[in-house]
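Take a look at the letters that make up each chain.
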Amino acid sequence: MRPALLAFFTRRLGDPSIAEDLTQDLFVRLAGSSAAVHGNAEGYVFQAAANLLRDHHRRESTRARYLKAQAADTSRGIDPLDAERSLVARQRIASAAQVLAALPERTRQIFILYRLEGMQRKAIAAAFGISVSAVEKHIAAAMKSLLADPETAR
């Protein structure tokens, strides 16, 4: 069935090398399939080929949209990490670290576990032996302190 499949793909794509690739992909799929074909095996193979062709068109469409979006991106060639932005980011991080250092120990630990470590509030509450509501209050206090600082609030 190889010549018939090559002709099927070539007629629809116009590119013999892609037709060859899709034919090979189809054989790999069929070899890995555990489905038993009863009756019209040729119809099954060509239906699988049509499905593979649809998948190929979808991939190519997605790839074309991505390339078009990349070409339209006006910021290409401009380094977004210039020295000034790096300096400002470092200053904001240092300011946030100072605010966190000024917090009560328990509030700081709970905030770090929640926001930086991604730990769930319920797990933090169990670890500290407090209620989930208390954990939420500690997190809110830390956020309020961070947002009150003009350097970190920007």
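These remarks concern the structure in this document.

Rules used throughout
Residues numbered from 1 in each chain as written. Predicted model: local features only at pLDDT ≥ 70, side-chain atom pairs only at ≥ 80, totals over all residues. Heavy atoms only, no water. Phe/Tyr/Trp six-rings, centres within 6.5 Å; stacked < 30°, edge-to-face > 60°. Buried < 20%, exposed > 50% of the residue type's maximum accessible area, 1.4 Å probe, protein only. Helix = DSSP H or I, 4+ residues; strand = E, 2+ residues; numbered from the N terminus. Expected span 1.5 Å × (residues − 1). Contact = heavy atoms within 4.5 Å. Salt bridge = Lys/Arg side-chain N within 4 Å of Asp/Glu carboxyl O.

### With respect to the packing of aromatic side chains
According to the stated counting rule, one finds two aromatic pairs in the structure shown. Plain terms: the ring middles of Phe8 and Phe9 are 5.4 Å apart, the flat faces sit at 70 degrees to each other, and that makes the pair edge-to-face. The residues Phe8 and Phe9 share a single accessibility class, namely buried. Judged by its relative accessible area of 9%, Phe8 is buried. Members of the aromatic cluster, joined through ring pairs, are Phe8, Phe9 and Phe46.

### Quick notes on helix H1 (residues 2-13)
A rise of 1.5 Å per residue sets the reference length of H1, with its twelve residues, at 16 Å; its end C-alpha atoms lie 16 Å apart and thus fit the reference within 8%. Those residues of H1 that are buried lie in contact with helix H2 (16-32) and helix H3 (41-72). Two residues or fewer past H1, Gly14 is found with a positive phi of approximately 75 degrees.

### Structural notes on the pattern of salt bridges
If you walk through the whole model with that rule in mind, you get six salt bridges. Here Asp55 and Arg58 are joined by a salt bridge, their closest N and O atoms 3.1 Å apart. Linking Asp55 with Arg58, this pair stays in helix H3, spanning three residues, or about one helical turn. As a salt-bridge pair, Arg63 and Glu60 come within 2.5 Å of each other at their nearest N and O atoms. Of this pair, Arg63 and Glu60 both sit in helix H3, three residues apart, which is roughly one turn of that helix. A relative accessible area of 44% places Arg63 in the partly exposed class. Each of Arg29, Asp55 and Arg58 takes part in salt bridges that share partners, so that together they form one network.

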